[in-house]
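One letter stands for each residue in the lines below.
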Amino acid sequence: MKTPKPNKLFALLSGLSKEEMKDFDVFVNSPYFNSNKNVCKTITHLKKIHPGFTGKNAEPEKVYAILFPGKKFNEQILNNLYTEITKLLMRYFAVSEFEKDEDMQRIFAVKNMTEKNLVAQSLLEIKKGLEKTNK
């Protein structure tokens, strides 16, 4: 049995808890963040073997055969999927952290509204933020 070479994706995914892996699966399946169905299929498989990513189910040929049954193994296609998933995972980390900080959310919302010349709405959000700060 060929041991899968360590890669950044498996290292990052191994650090996720079961709950975070479920959340990442939801994130990946959101059409807002991802439209590649093969990425969704890959995460579905990787979620089943999380967190170890060792053994037969993590072998590149095995993963590829599950994703593309009957097709000849193409390492480049699998590497491209892993790269895309790694980028999504980095975005998931950023979004997850951003969602924890209501003040930063308000700041960026105000910035965006101001750029769109939505001054009245922007001022209302600033006022809400100030009221929260004064409490």
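Residues numbered from 1 in each chain as written. Predicted model: local features only at pLDDT ≥ 70, side-chain atom pairs only at ≥ 80, totals over all residues. Heavy atoms only, no water.

Enquirer: I tried to follow the nonpolar core on my own but got confused; where do I start?
Expert: Side chains of a nonpolar character, in soluble globular proteins, are inclined to be buried together. Residues L9, L13, F24 and L46 are the most contacted members of the largest nonpolar core, which totals 26 residues. When contributions to this core are tallied by element, the ones reaching two or more residues are α1 (8–14), α2 (18–28), α3 (37–49), α4 (60–67) and α5 (75–99). The biggest single contributor to this core is α5, with 7 residues. In this structure L13 touches M21, F24, L46, H50, F53 and L89, once residues within four positions along its chain are discounted. (Core = buried A, V, L, I, M, F, W, Y, C linked by side-chain atoms within 4.5 Å. Buried < 20%, exposed > 50% of the residue type's maximum accessible area, 1.4 Å probe, protein only. Helix = DSSP H or I, 4+ residues; strand = E, 2+ residues; numbered from the N terminus. Contact = heavy atoms within 4.5 Å.)

Enquirer: Please explain the packing of helix α6 (residues 102–115) against helix α7 (residues 119–134) as it appears in this structure.
Expert: In helix packing, the relevant descriptors are the interaxial angle and the interaxial distance, both defined with respect to the helix axes. At their nearest, the axes of α6 and α7 sit 8 Å apart, and the two run at 160 degrees to each other. Taken together, α6 and α7 sit at an angle that is classed as roughly antiparallel. Our pair here, α6 against α7, has a crossing hand that is left-handed. In this structure, α6 uses E102, D103, R106, V110, M113 and T114 to contact α7, whose residues at the interface are Q121, S122, E125, I126, K128, G129 and K132. Its residues assigned to classes, the contact of α6 with α7 comprises 3 nonpolar, 4 polar and 6 charged. (Axes fitted to C-alpha atoms, helices over the stretch in contact; angles between N-to-C directions. Parallel < 35°, antiparallel > 145°, perpendicular 65-115°, else oblique. Left-handed = near helix turned anticlockwise from the far one by under 90°. Nonpolar A, V, L, I, M, F, W, Y, C, P; charged D, E, K, R; others polar.)

Enquirer: For this particular structure, what's the right way to read the side chain of H50?
Expert: Along the polypeptide, H50 turns up in the loop between α3 and α4. One polar contact links the side chain of H50 to the main-chain carbonyl oxygen of L13, over a distance of 3.0 Å. Only 2.9 Å separates the side chain of H50 from the backbone oxygen of L16, close enough to count as a polar contact. Excluding its chain neighbours within four sequence positions, the residues that come into contact with H50 are L13, S14, L16, S17, K18 and M21. (Polar contact = N/O pair within 3.5 Å; in protein donor to acceptor, adjacent residues only side chain to side chain.)

Enquirer: What am I meant to see in the environment of V110 here?
Expert: Within the secondary structure, V110 is located in helix α6. For the pair formed by V110 and L123, sequence separation is 13 residues and the distance between their alpha carbons is 7.9 Å. Those residues in contact with V110, other than ones at most four positions away along the chain, are S122, E125 and I126.

Enquirer: What am I meant to see in unusual backbone geometry here?
Expert: Most of the time, phi is negative for any residue but glycine, and the peptide bond is trans. Following H50, the chain continues to P51 via a peptide bond in cis, the omega torsion being 10 degrees. Note that P51 resides in the loop between α3 and α4. Located in the positive-phi region is N117, a residue other than glycine, with phi close to 60 degrees. Among the structural elements, N117 can be located in the loop between α6 and α7.

Enquirer: How do you make sense of the confidence of the model for the protein chain when you look at a structure like this?
Expert: Caution applies to low-pLDDT parts of the model: their predicted coordinates are not meant to be read in detail. The share of residues in the protein chain with pLDDT of 70 or more is 95%, and the mean pLDDT across the chain is 88. The least confident element of the protein chain, judged by mean pLDDT, is α7 at 82; the most confident is α2 at 95. Contacts from residues 1–6, a stretch scored under 50 in pLDDT, to residues over four places away or in other chains number 11 contacts. (pLDDT = per-residue confidence, 0-100.)

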